[in-house]
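What the coordinates show
One-letter residues, chain by chain:
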Amino acid sequence: MLTALRHGSPCTAVRVVPDSPCAVVSVAFDRGYLDDPPHRPGLAHLFEHVWFALEPRGPALEWGETGEHAVVLHHTCPPDRIAAVVDAVATRLARLTAPPSPEAVTAALRLIRLEHRGLREEPLPGFPRRPLAGLLRGDPGFDPVAVRAGARELPALAGELGRFVHGRAHAVCVAGPTPGPAADDLARMCAGAGVRPAVRPPAVPPAAGRTVTEGGTGACAAAWVLPRTPQSAAAARLVAGLLERRPRPAGTRWVSGRVLSPHGVVPVRGGHLYAVAAGTDGRRPCAASLPGTVLLPLLRGPLDDLGTVRSALVRERPDVTDLAAWDALDLLHGTPGRPCGPDDVRRAVRSLDAEALHRFADLLAAGPYAEIDTRAAGHP
Amino acid sequence: MSPSIAPLSAPDGTVCDTGRDDGHRSLRCYVTADAAPLLHLRVVGRPAAPAAALLLHDALVLPRLWDHCSGLGELRPVVDHGRIAGVEAHLSALDPAQLWDDAAALRAAVCRAVADTVRDDNLDQAVVRAAATRTGTSFGLAALATAAARADCEAAPAADRLHATDLTARLAEDARHLADKAALHAPALVSRLVLTAARPATHPPAGPPPVSPDPRLTIRLPRYAPPPERLEIVCGRAELAHVQIRRPLPPVGTVRELAAVLLANQAGFGPWGSALDHTLRFRHALTYLWDCLFDHAHGEFVMLAAPDTADVDRVLRLFRAAHTRRLPAPVTGRTVEAARRIVTTGLLRRLGPAPRALATQADVQCSGLPSRFVVSLLAALRAVTAQEAAAAAPAVAAEPLAVTVVLPARTHEAG
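Computed from a predicted structure; not experimentally measured. (Residues numbered from 1 in each chain as written. Chains lettered and ligands numbered in written order. Predicted model: local features only at pLDDT ≥ 70, side-chain atom pairs only at ≥ 80, totals over all residues.)

A few words now on the overall build of chain A. Counting its regular elements, chain A contains 12 helices and 11 strands. By the burial criterion, 51% of the 380 residues in chain A qualify as buried. Within chain A, residue pairs in contact and separated by at least 24 positions form 83% of the contacts whose partners lie at least 6 positions apart. (Helix = DSSP H or I, 4+ residues; strand = E, 2+ residues; numbered from the N terminus. Buried ≥ 20, exposed ≤ 12 C-beta atoms within 10 Å, placed from the backbone. Contact = placed C-beta atoms within 7 Å.)

Written out as structure tokens, the structure reads:
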């Protein structure tokens, strides 16, 4: 059961998930790494870290993620402690408009540098996200995680963080096994920071491009921006399941496909950012051949295992944290009257048949796509 | 008097309505809100087996388990930290009595298949893959190295600095030697078959009526031989150092005593809100990771950090200072309430959705803890007082520490 207040400041939603053992308060800000100013890449990620340094410290078990167009902050707690956590979140929201202390910014910068080095150690299984981010930014060297700032820039950086939420919408969503505060009460409790902008920036149409980057391991990816409908998000999820079940093509360590915006809720460049990637030995580029040799033959061939994949997807029960985050993102980026929330995508998964996947193949074949090849270190 | 607890009909994977165990097979059924029954199957080896047995478990025992489960329903691997830990079967119906009978035949079949194994290239390659998976992250590498060092400690003092490649090669070689005598080792490798099932709430109960959670539930946690005080592994792949600080739990006899110990540890040293967490992560920004795991299989806490190599000793000094109370970390009513929120949330997060709840209950079952352990621990975490938690703190801090550090090879060689 979901109740939402779409036009408040903040926008709020309360979802009851009867079988969820814990509750969550998710806060999402309408500003992600693709919105970082040119002189300050990594600002959104820095904001995510600074949030957790704000008082009160550690009100819940909490963590954050910085996406293409949003920073999402999760706070989970036992269901009977939700009021205390909402109160703590409201206190932090009220403190956001003042610049954080230089000490807090310095500590956050240090932690980000450590995190960046830690992530370099384990780049293996995932998608080539950094090259994709670079492609979306139009800057192959763009790094959504790293922040470059010298000691003398700290006051300016603190000022930018103090203005981070200014003019930006934010959403606060609660989900748990029992009804928490009502959506309008939640809006009143968390009022104070951020103003919803009158008009969102226009969507930028996708452009095909090709990029080759150096990496610790070889990988290639083909990426599309698809129409933002529940059907295309559902088709992409089904294809991911089909890819998992099929034998890996020769010369690949893994093959995977996904919509990079969570459940298709967040539009990237106006649509679903969909990518298929493969782990390779990194000796030769392969992105250009991924659609023709892996993806389209799969979609146009026999789809006998579609029912099994669909059943597995339908059986999946999203975590309550994901549900609250998707609700928050849907409030920020959804289009009223054109539903594409998590529940809509789940419904579409149930109804898509082989014919729909053939149409999905035609869509991929006709659309421009970007190619990304990541060379393994040591290979020219 | 204990505060109220969740109703017994709560379909959250905490209420067990069937529990049977004969030493070789163990079956528990938990009530969940999922519409279809689900089954987790795991194989447990004998305790205190050599670390190489872990590789053989992954390379040989689990594939045989998979082979013999194919008739149960649609199968999927149970993945834990990137490693396959068991088999998940989606059943069309759940008959506990039948499952209990089938478990005996299944365990015997897996045991026989392991005993009949003739070592060949395929098995050797599977062992190499298992070793690569187990050591694919600094966390896994440190855990495997600690397991190996703990076993070595029982025989003779172990080397206190190892190279990851040497360690992996040695364990793989040991695993191959075990495989050469598979018939001899099979009973130890397939000591217990653990079946953990999710029964839909709408499904009629098959066993005796469920019993209520009990904060006074008696438990016995294992106490293993301690690993070396300090063990270092040099790894070419690592970028940052990875620190694991192990500390046994002080002796506890009930879940309520355990809850007091968990709260005392969280209030003093835990992630999200303890004074030490604030010092390490926000004041000195020495590590972006600070976590504390409760490993009930070994009866110990494992604290995790990921600092720069140059800061490892500083992190350890701060941790030891907190231990000996040179750093202010008082266990007060306020800190206990924050600790209660964090520890309870951590446990609750492991109970949903249903496959995660089953994985949690399977871990508990594999450790030999009672079927009411999780639900009773939740009740105990609500019931235990701040005074009890504060009283448990000295015993927590009195336990000896063992440190395992993964060091990046480049820094190590340069230094």
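The rest of the description comes next.
A word on the overall build of chain B. When helices and strands are counted, chain B shows 14 helices and 12 strands. In terms of overall dimensions, chain B is globule-like: its C-alpha atoms have a radius of gyration of 22 Å, near the 22 Å expected for 415 residues. The dimensions of chain B, computed from C-alpha atoms along their principal axes, are 60 × 60 × 35 Å. Of all intrachain contacts in chain B linking residues separated by at least 6 positions in sequence, the fraction that spans at least 24 positions is 81%. (Rg over C-alpha atoms; globule rule 2.2 N^0.38 Å.)

Turning our eyes to something else, we now look at the interface of chain A and chain B. At the interface, 29 residues of chain A touch 33 residues of chain B. Mapped by element, the contributors of at least two residues to the side of chain A that touches chain B are β4 (61-66), β5 (71-77), α3 (102-121) and α9 (306-315) of chain A. For the side of chain A that touches chain B, the element with the highest residue contribution is α3(A), accounting for 9 residues.

In this section: the environment of Ala379(B). With respect to the helices and strands, Ala379(B) occurs in helix α12 (residues 373-383). Between the alpha carbons of Ala379(B) and Val114(B) there is a distance of 42 Å; along the sequence they are 265 residues apart.

We now examine helix α7 (residues 230-245) of chain A. Residues and elements named next belong to chain A. With 16 residues, α7 extends 23 Å between its outermost C-alpha atoms, agreeing within 8% with the 22 Å of an ideal straight helix rising 1.5 Å per residue. With 12 of 16 residues buried, α7 lies mostly within the body of the structure. Within α7, burial applies to Pro230, Gln231, Ser232, Ala233, Ala234, Ala235, Ala236, Arg237, Leu238, Val239, Leu242 and Leu243. (Expected span 1.5 Å × (residues − 1).)

With that out of the way, let us pick up the domain arrangement of chain A. Residue and element names in this part refer to chain A. For chain A, the assigned domains read domain 1 (2-189) and domain 2 (210-376). With centres defined by C-alpha atoms, the gap from domain 1 to domain 2 works out at 25 Å. Domain 1 puts 38 residues into the contact, and the matching count from domain 2 is 30 residues. At the level of elements, β1 (2-5), β2 (11-16), β3 (23-29), β5, α4 (129-137) and β6 (170-176) are the ones that each hand at least two residues to the side of domain 1 that touches domain 2. (Domains from an automatic or database assignment.)

Residues and elements named next belong to chain A. In spatial order, the strands read β1-β2-β6-β3-β5-β4; together these 6 strands make up an open sheet with mixed pairing. The strands lining the two open edges of the sheet, one partner per strand, are β1 and β4. With strand direction ignored, the average angle separating the axes of adjacent strands in the sheet is 10°. Set on the sheet, helix α2 (residues 82-95) makes contact with β3, β5 and β6; between it and β3 the angle comes to about 20°. (Pairing = 2+ DSSP bridges. Axes fitted to C-alpha atoms, helices over the stretch in contact; angles between N-to-C directions.)

Before going further, it helps to spend a moment on the domain arrangement of chain B. Residue and element names in this part refer to chain B. Here chain B is described as being made up of domain 1 (8-207) and domain 2 (214-415). The interface of domain 1 with domain 2 comprises 38 residues on the first partner and 32 residues on the second. Where the side of domain 1 that touches domain 2 is concerned, the elements lending two or more residues are β1 (12-21), β2 (25-32), β3 (38-44), β5 (83-90), α4 (138-155), β6 (161-163), α5 (164-180) and β7 (192-200). For the side of domain 1 that touches domain 2, the element with the highest residue contribution is α4, accounting for 10 residues.

This part covers the environment of Ala250(A). Residues and elements named next belong to chain A. Summarising the element assignment, alanine 250 is placed in the loop between α7 and β9 (254-259). Look at alanine 250 and you get exposed, because 6 C-beta atoms sit within 10 Å. Distance in space between the C-alpha atoms of alanine 250 and threonine 280 is 9.5 Å, their sequence separation being 30 residues.

Attention shifts here to the confidence of the model for chain A. Residues and elements named next belong to chain A. Taken as a whole, chain A shows an average pLDDT of 83; of its residues, 89% reach a score of 70 or greater. Ranking the elements of chain A by mean pLDDT puts strand β7 (residues 210-215) last with 64 and β5 first with 96. The low-confidence segment residues 194-206, where pLDDT is below 50, has 22 contacts with residues more than four positions distant or belonging to other chains. (pLDDT = per-residue confidence, 0-100.)

A pair of packed helices is captured by two measures, namely the crossing angle of their axes and the spacing between those axes. All names here are of chain B. At a minimum axis distance of 8 Å, the contact between helix α1 (residues 52-68) and helix α3 (residues 121-134) shows a crossing angle of 120°. Our classification of the angle between α1 and α3 gives oblique. For the element pair α1 and α3, the recorded crossing hand is right-handed. Contact with α1, carried on its side by Leu54, Leu55, Asp58, Ala59 and Leu60, involves Leu123, Ala126, Val127, Ala130, Ala131, Thr133 and Arg134 of α3 and no other residues of that element. Its residues assigned to classes, the contact of α1 with α3 comprises 9 nonpolar, 1 polar and 2 charged. (Parallel < 35°, antiparallel > 145°, perpendicular 65-115°, else oblique. Left-handed = near helix turned anticlockwise from the far one by under 90°. Nonpolar A, V, L, I, M, F, W, Y, C, P; charged D, E, K, R; others polar.)

All names here are of chain B. Across the 8 residues that make up β2, a large majority, 8, are buried. Burial along β2 is two-sided: the residues Arg25, Leu27, Cys29 and Val31 and Ser26, Arg28, Tyr30 and Thr32 are all buried. Of the strand pairs in this sheet, β1 and β2 are connected by 6 bridges, and their pairing is antiparallel. Within β2, the residue paired with threonine 18 across the bridge is cysteine 29. Between β1 and β2, which pair antiparallel in sequence order, lie 3 residues; one of them, glycine 23, sits at a positive phi of approximately 95°. Here β2 pairs with β7 via 8 bridges, running parallel. In the sheet register, leucine 27 faces β7, and the bridge partner there is leucine 195.

Attention now moves to the sheet that holds strand β11 (residues 300-307) of chain B. All names here are of chain B. Reading across from one edge, β6-β8-β12-β9-β11-β10 is the order of the 6 strands in this open sheet, with mixed pairing throughout. At either end of the open sheet lies a strand with only one pairing partner, and these are β6 and β10 (287-295). Looking at each pair of strands side by side, their axes are set apart by 15° on average, direction ignored. With 6 bridges joining them, strand β8 (residues 230-235) and strand β12 (residues 402-408) adopt parallel strand pairing. Along β12, the bridge assignment pairs glutamate 232 with valine 405.

All names here are of chain B. Contact geometry for helix α2 (residues 96-115) and helix α6 (residues 182-189): axes closest at 7 Å, N-to-C directions at 150°. As far as their axial angle goes, α6 and α2 are roughly antiparallel. Pair α2 / α6 crosses with right-handed handedness. Residue-level contacts link Cys111, Val114 and Ala115 of α2 to Ala182, Ala183, Ala186, Pro187 and Leu189 of α6. Within the contact of α2 with α6, the residues separate by chemical class into 8 nonpolar, no polar and no charged.

Moving on: helix α12 (residues 354-366) of chain A. All names here are of chain A. Taking 1.5 Å of rise per residue, 13 residues should cover 18 Å, and α12 covers 19 Å from first to last C-alpha, within 8% of that figure. Buried within α12 are the following residues: Leu357, Phe360 and Leu364. Looking straight down α12, one finds that the buried residues subtend no more than 50° of arc, so they occupy a single side. Projecting away from the buried face of α12 at angles above 90 degrees are the exposed residues Glu355 and Ala366. In the core, the buried residues of α12 are packed alongside β8 (218-226), α7 and α8 (290-300). (Arc of directions from axis to C-beta.)

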